[in-house]
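Residue strings, one per chain:
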Amino acid sequence: MFNIINKSELIAKDIEFQISNKIYAHYLPSERKLADKYSVSRNTIREALEILKNKGVISLIANDYVINQPKEDLDWLEFFGKKIHHIIRNYIVKNEVFEANKKIAQKLEVPLATQIRLLVYKRTVNEQQDNITLSIDYIYAPEKLVKNLPLKQLQEYSFWNLLAKKYRGKKLKEYQSLSIESVNFEDANLLDIPVRSKILQRSSKIFIDNEAIYFVSKKIPSNSLLMSIDNNLKKEKEQ
């Protein structure tokens, strides 16, 4: 059975996320410290670091892993407050209010039947005259947190830009996790990829003071390993 979860790939992506978020500025921790942090072997860490070296994110200089100028992760740069030199457009797929069921109430830590805003939008970037899909983003937020946001501006500004303007000066805390998932029929149509293709899913819970927003970004992975998973599975079935 082909293992679709590759620890070194996920660790590499998480380290790149930490670099983008300025957790690591100039150098990465040692292989031993990273192995302890992720509870894996040093060989797995070396594989993850090799991935980052091949992508040009880091360089190995005199036994130190030096961080190069970070590459752009276009669907998250706005969230990190960085300048973007590409034209990103958001297309709203769903914008509705519903009463929180048990699952959403637990996610957002709110009472049952709380009014929740569900916002789903597709992110695209214009690159060399082509529109490239970046991700499908799902946002679940208590209606009272977002009811005055100018969502009509979402096509040109990210949800996080709008949120930051409204809550300027307030401290935002984020807790996130990464996973590899199989895309369902609805998301496959939006991302224009085959059903059950593998996607990189980032799930986050963002707190504004003590109130939470649940955010899920489903992104087409750019690395060759994940993109080849479906081909490997097809070959197994044919054998």
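As shown above, the structure is provided for reference.
Just so we're clear, the structure is a prediction, and the values are computed from it rather than from any experiment.

Draft legend 1. Expanded view of the side chain of Lys205. With respect to the helices and strands, Lys205 occurs in strand β7 (residues 198–208). A residue is classified by how much of its surface remains accessible, and Lys205, at 18% relative accessible area, is buried. Separated by 2.7 Å, the side chain of Lys205 and the backbone oxygen of Lys107 make a polar contact. A distance of 3.4 Å separates polar atoms of two side chains, one belonging to Lys205 and the other to Glu109. Setting aside its immediate chain neighbours within four residues, Lys205 contacts Gln106, Lys107, Glu109, Lys173, Glu174, Tyr175, Ala212 and Ile213.

Draft legend 2. Focus on unusual backbone geometry. Even without glycine at this site, Glu109 takes up a positive phi of about 60°. Position of Glu109 relative to the elements: it lies in the loop between α4 (102–108) and β4 (115–127). According to the relative accessible area criterion, Glu109 is exposed, its value standing at 55%. The backbone phi angle of Arg196 is positive, close to 70°, even though this residue is not glycine. Relative to the elements of secondary structure, Arg196 occurs in the loop between α7 (185–191) and β7.

What counts and what doesn't
- Residues numbered from 1 in each chain as written.
- Predicted model: local features only at pLDDT ≥ 70, side-chain atom pairs only at ≥ 80, totals over all residues.
- Heavy atoms only, no water.
- Helix = DSSP H or I, 4+ residues; strand = E, 2+ residues; numbered from the N terminus.
- Buried < 20%, exposed > 50% of the residue type's maximum accessible area, 1.4 Å probe, protein only.
- Polar contact = N/O pair within 3.5 Å; in protein donor to acceptor, adjacent residues only side chain to side chain.
- Contact = heavy atoms within 4.5 Å.

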